[in-house]
Amino acid sequence: MKDNYSNIRFDRSKRPTIDFDIVSLEEIIKREDLNHDPKSLHRVHFYVLIFITSGSGKHTIDFKEYEYAKGSVLTIRKNQIHNFHNATADGFMLLFTEEFVLSYLEKTGANIISELFNELLFGQHTKLDKHEQEQVLTLVMQIQNEFKNSIDDQTPGIVRNLLQVLIRKIYRIRRTSPQLTLTHKYTLKFLEFQRLVELHCHEFRSVKYYAGRLNITTKTLNTITRQVANKTGKKFIDDISLLNIKRLLINTDLSVKEIAYSSGFNETTNFFKFFKRNTYLTPESFRNSHKKLLV
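Residues numbered from 1 in each chain as written. Predicted model: local features only at pLDDT ≥ 70, side-chain atom pairs only at ≥ 80, totals over all residues. Heavy atoms only, no water.

1. Examining the pairing of strand β6 (residues 64-69)
Operational definition: Strands pair, by our definition, only if DSSP identifies at least two bridges between them. Secondary structure elements follow DSSP: runs of H or I no shorter than four residues count as helices, runs of E no shorter than two count as strands, and numbering proceeds from the N terminus.
Looking at chain direction, strand β5 (residues 56-61) and β6 are connected through six bridges and run antiparallel. The partner of Lys 58 across the bridge, within β6, is Glu 67. Linking β5 back to β6 in an antiparallel pair, the connection comprises two residues, with Asp 62 at a positive phi of about 45°.

And the structure:
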């Protein structure tokens, strides 16, 4: 199976003792010495938080385009596919690994990051007001100054604490958004359901199967997905399955028939119907339309 886009691992060469980095957005977009093209699709194996301080542009995350401008915050979770576009924007990118989260942040902080970077719980783009921009910029500059200028055994702890404050600030802003009502009593069960679906959607696509794994009724599972993701359990499963299929179409040189079988469809006809019903495109059309992003 051949990958058609780059898989980007965290670069530990700068600071081997801490899985964290902060870089200029302008530097990333314009650099020519990277081992991948930022404007082509690539999968990151770490968390990315982007804060825009000037200009405007757009960013693609898992096949969705997000327009951004000064004051925008974008979050990209581990294993998502994304790419930059030509832009006049500048800002900061904060990069950190799952190991950094688990090793340096206390449990509540780690859970908040898991929720904040989950595109099914929060939108991946947030526009901050002027006061919020000032607060976030102050924290980002403190993190940058500590990380760039201090090299001693206190640096990881200070960066960790500043990052926790920054994450909690953005989490508060997103939670209080008028477009969002996150029901805490369902969140943990929803995350468990999401994890199971991402692992097994190519084998099982029935709500009953996952309800059984979670020791709840199908009615309760549907209530959870409606409250958290505003969709039925079946629609949620189908959406995860569809995203995996899209990734296979873009990421591999497997034939459409091979992708159909690996995605749990015994009949290729049913696979075509499922894909076209949800995208209004055939699998081949979708694959061809994204080839330009891989050049």
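2. Quick look at the nonpolar core
Filter applied, for reference: Take the buried Ala, Val, Leu, Ile, Met, Phe, Trp, Tyr and Cys residues and link them wherever side-chain atoms come within 4.5 Å; each set so joined is a nonpolar core. Buried, partly exposed and exposed residues are distinguished by accessible area as a fraction of the type maximum, computed with a 1.4 Å probe on protein chains only: under 20%, between the cut-offs, and over 50%, respectively. Note on definitions: a residue-residue contact is assigned when non-hydrogen atoms from the two residues lie within 4.5 Å.
Formed by 51 residues in total, the largest nonpolar core has its most connected members in Phe 20, Leu 94, Phe 96, Leu 166, Ile 167 and Phe 190. Ranked by residue count, the leading element in this core is helix α5 (residues 155-175), at eight residues. Each residue touching Ile 167, except ones within four places of it in the same chain, is listed here: Leu 49, Phe 96, Ile 112, Ile 113, Leu 116 and Phe 117. Core analysis: the second largest hydrophobic core is formed by 19 residues, Leu 25, Phe 46, Phe 84 and Ala 89 among them.

3. Observations regarding the layout of surface pockets
The following threshold applies: Site definitions follow a grid-based scheme: protein atoms alone, a 1 Å grid, a 1.4 Å probe that fits but cannot get out for cavities, and for pockets an open set with protein on both sides within 12 Å along at least five of seven lines, plus lining residues having an atom within 4 Å of a point. Grid points are joined across faces, edges and corners, and a volume is the space filled by probe spheres set on the points.
Here the second largest pocket defines a volume of roughly 600 Å³. Forming the walls of the second largest pocket are 24 residues, and the residues nearest its centre are Lys 64, Glu 119, Leu 120, Lys 231 and Asp 239. Those elements giving two or more residues to the lining of the second largest pocket turn out to be β6, α8 (218-229) and α9 (233-251). Broken down by element, the residue count for the lining of the second largest pocket peaks at seven residues, all from α9.

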